[in-house]
Amino acid sequence: MVPFGRSVDFIKEQCAVYQQPVSFAKKAVPEMPLASWEEARICLWEILCSASVHGQPGVITLSNVKRLFRSRFNLELSETALGHS
């Protein structure tokens, strides 16, 4: 157990406040550009539209969303960079 000020949750909250991605690796630059809110909205819409079948709404498992952003759009989807922890 660690004090909150040294916890992973605290780090995530601080990154969200400053809209920075969480990175525990020693990378100076992210491998892919971070998605903006507008890019995230557009890409998510494209993912859902491509998953639709016969006009029915598309369903994508939440665990695949970040992977699809990286593989299809060459963008990193980071909740903390968008202001959420």
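So, here is what we can say about the structure in this document. The shown structure was predicted, so the numbers you read here are calculated from the model rather than taken from an experiment.

For the pair helix H2 (residues 37-51) and helix H3 (residues 62-73), the least separation of the axes is 11 Å and the interaxial angle reads 95 degrees. Judged on the interaxial angle alone, H3 and H2 are roughly perpendicular. Together, Glu-39, Ala-40, Cys-43, Leu-44, Glu-46, Ile-47 and Ser-50 of H2 and Val-65, Leu-68, Phe-69, Arg-72 and Phe-73 of H3 make up the contact between the two elements.

A word on the state of the cysteines. The tally for this structure, following the rule as stated, stands at zero disulfides. In this model Cys-43 remains outside any disulfide bridge; the closest cysteine sulfur is found in Cys-49, 12 Å from its own.

Its place among the elements puts Ile-47 in helix H2. With relative accessibility at 1%, the residue Ile-47 sits in the buried group. Taking the C-alpha atoms as reference points, Ile-47 and Arg-72, separated by 25 residues in sequence, lie 9.0 Å from one another. Beyond its immediate sequence surroundings of up to four residues, Ile-47 is in contact with Ile-60, Leu-68, Phe-69, Arg-72 and Phe-73.

What follows is about the nonpolar core. Membership of the largest hydrophobic core is limited to eleven residues, which are Ala-35, Ala-40, Cys-43, Ile-47, Val-65, Leu-68, Phe-69, Phe-73, Leu-75, Leu-77 and Leu-82. With four residues, H3 is the single largest residue contributor to this core. Those residues in contact with Ala-40 that sit more than four places away from it in its chain are Ala-35, Phe-69, Leu-77 and Leu-82.

It is worth spelling out the pattern of salt bridges at this point. Across all of its chains, the model carries three salt bridges by this definition. Two residues, Arg-41 and Glu-38, come together in a salt bridge whose shortest N-O distance is 2.8 Å. Taken as a pair, Arg-41 and Glu-38 lie in helix H2 at a separation of three residues, close to a single helical turn. The exposure class of Glu-38 is partly exposed, given its relative accessible area of 43%. Two residues, Glu-79 and Lys-66, come together in a salt bridge whose shortest N-O distance is 2.9 Å.

Looking now at H2. If you check H2, its first and last C-alpha atoms are 21 Å apart, about what 15 residues at 1.5 Å a residue would give, namely 21 Å. Inspection of H2 places Ala-40, Cys-43 and Ile-47 among the buried residues, and these make up the whole buried set. Buried residues along H2 cover an arc of 75 degrees about the axis, so they all sit on one side. Facing away from the buried side of H2 by over 90 degrees, the exposed positions are Trp-37, Arg-41 and Trp-45. Buried-residue contacts for H2 involve H3.

Rules and cut-offs
Residues numbered from 1 in each chain as written. Predicted model: local features only at pLDDT ≥ 70, side-chain atom pairs only at ≥ 80, totals over all residues. Heavy atoms only, no water. Axes fitted to C-alpha atoms, helices over the stretch in contact; angles between N-to-C directions. Helix = DSSP H or I, 4+ residues; strand = E, 2+ residues; numbered from the N terminus. Parallel < 35°, antiparallel > 145°, perpendicular 65-115°, else oblique. Contact = heavy atoms within 4.5 Å. Disulfide = S-S within 2.5 Å. Buried < 20%, exposed > 50% of the residue type's maximum accessible area, 1.4 Å probe, protein only. Core = buried A, V, L, I, M, F, W, Y, C linked by side-chain atoms within 4.5 Å. Salt bridge = Lys/Arg side-chain N within 4 Å of Asp/Glu carboxyl O. Expected span 1.5 Å × (residues − 1). Arc of directions from axis to C-beta.

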